[in-house]
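# Chains, contacts and geometry: an overview
Listed below, chain by chain, are the residues.
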Amino acid sequence: FEPKVLAGRRVLVTAGPTFEAIDPVRGITNHSSGKMGFALAQAAREAGAEVTLVAGPVSLATPRGLTRIDVDSAQQMHDAVLPLAAAHDVFIATAAVADWRPAAVQTQKIKKDGTGRPPAIEMVENPDILAAVARLPVPPYCVGFAAESHDLLAHAQAKRQRKGIPLIVGNLGPATFGQDDNTLLLVDEAGHREIPTASKRQLGRELVREIAERLQHR
Ligand code: C5P
């Protein structure tokens, strides 16, 4: 990656799904593979950045030269990210964080009770990690991701403003979870631009270039 557009910068990345426990053997998760986040973290490292990668449960090898912190739940991801964020120049939130978690984790496996009635699982909302980082007194440059089933541009622009972040990246593909390729839509204050379908490795490099450019003009 020449020139090293992120030399001297510190970049924090979240990646993968979260796992929200129901009881000791069950939980709620999603199909995020972590590939986009790992590719971005690797591209940032190759561009000269010092990279911290906070990963949910994924089966991916750690790219060379970066610091990886493994977590399971959204709360754990939040608690790992928040104390680190202010010491970074860039925060890229690629993780597919669960919106809700069971209000209580049962200490014993939930058993069928013989009545035929399923258990009711009460849910509570998880903290929004990206919005919390963006609200820091001196936040890093924050980049969010948006996966929408329809009206991507309008939803992404609204989400960018609601979370108070300068840049959001929309997934233009139908289902990108687990795939090696993706098509992205960059949405910022100035407008939007499509990055054509490419491998997540290649997209990672292009996104790093875009982010580095915006950092310069910050
Ligand atoms: O609100 P929504 O989940 O659609 O926003 C997606 C963006 O926000 C992604 O960048 C995701 O990593 C981040 N996010 C987060 N914490 C949450 C939910 C989403 O950091 N609890």
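Rules and cut-offs
Residues numbered from 1 in each chain as written. Predicted model: local features only at pLDDT ≥ 70, side-chain atom pairs only at ≥ 80, totals over all residues. Heavy atoms only, no water. Core = buried A, V, L, I, M, F, W, Y, C linked by side-chain atoms within 4.5 Å. Buried < 20%, exposed > 50% of the residue type's maximum accessible area, 1.4 Å probe, protein only. Contact = heavy atoms within 4.5 Å. Helix = DSSP H or I, 4+ residues; strand = E, 2+ residues; numbered from the N terminus. Pairing = 2+ DSSP bridges. Near = heavy atom within 4 Å. Polar contact = N/O pair within 3.5 Å; in protein donor to acceptor, adjacent residues only side chain to side chain. Areas by Shrake-Rupley, 256 points an atom, 1.4 Å probe, with all protein chains shown as cover. Nonpolar A, V, L, I, M, F, W, Y, C, P; charged D, E, K, R; others polar. UniProt positions renumbered as here; feature names shortened; annotations may be inferred.

## Remarks on the nonpolar core
Leu6, Val11, Val51, Ile92 and Leu207 are the most contacted members of the largest nonpolar core, which totals 34 residues. Setting aside residues up to four positions removed in sequence, Leu6 forms contacts with Val11, Ala44, Ala47, Gly48, Ala49, Val208, Ala212 and Leu215. The next biggest cluster of nonpolar side chains, apart from the first, holds 25 residues, and it includes Val54, Leu130, Ala146 and Leu185.

## Digging into the pairing of strand E4 (residues 50-55)
The side chains of a regular strand alternate, first on one face of the sheet and then on the other. Burial runs high along E4: five of the six residues are buried. Taken together, the six bridges between strand E1 (residues 10-15) and E4 define a ladder with parallel strand orientation. Residue pairing in the sheet places Val11 in a bridge with Val51 of E4.

## Observations regarding the site of the ligand
The ligand sits among Ala93, Ala95, Val97, Pro127, Asp128, Ile129, Leu130, Gly144, Phe145, Lys159 and Lys163. The backbone of Pro127 places a nitrogen or oxygen atom 2.8 Å from a nitrogen atom of the ligand. Interatomic distance of 2.8 Å between a backbone N/O atom of Phe145 and an oxygen atom of the ligand. Isolated, the ligand exposes 450 Å² of accessible area, and the fraction of that covered by the protein chains is 85%. When residues of the shell around the ligand are traced back to their parent elements, those giving at least two are helix H3 (129-134), strand E9 (141-146) and helix H4 (152-163). Looking at the shell around the ligand residue by residue, the class counts come to seven nonpolar, one polar and three charged.

## A look at unusual backbone geometry
A positive phi is found at Asp151, a non-glycine position, where the angle reads about 50°. By the secondary structure assignment, Asp151 is in the loop between E9 and H4.

## What about the UniProt feature "binding site: CTP" (unreviewed entry) in the chain?
Under the feature "binding site: CTP" (unreviewed entry), the UniProt entry names Asp99, Lys109, Pro127, Asp128, Ile129, Leu130, Phe145, Lys159 and Lys163. A maximum C-alpha distance of 37.7 Å among these annotated residues, which run over 65 residues, shows that they spread across the structure rather than meeting at one spot. Within the element layout of this structure, Asp99 appears in the loop between strand E6 (90-93) and strand E7 (100-102). Other than its neighbours up to four places away in sequence, Asp99 contacts Val124, Glu125 and Asn126. Structurally, Pro127 is set in the loop between strand E8 (123-125) and H3. When residues no more than four places from it in sequence are discounted, the contact partners of Pro127 are Gln75, His78 and Arg101.

## What about the environment of Ala93?
Relative to the helices and strands, Ala93 is located in strand E6. What makes Ala93 buried here is its relative accessible area of 12%. For the pair Ala93 and Gly144, spaced 51 residues apart in the sequence, the C-alpha separation amounts to 5.1 Å. Setting aside its immediate chain neighbours within four residues, Ala93 contacts Thr14, Leu130, Val143, Gly144 and Phe145.

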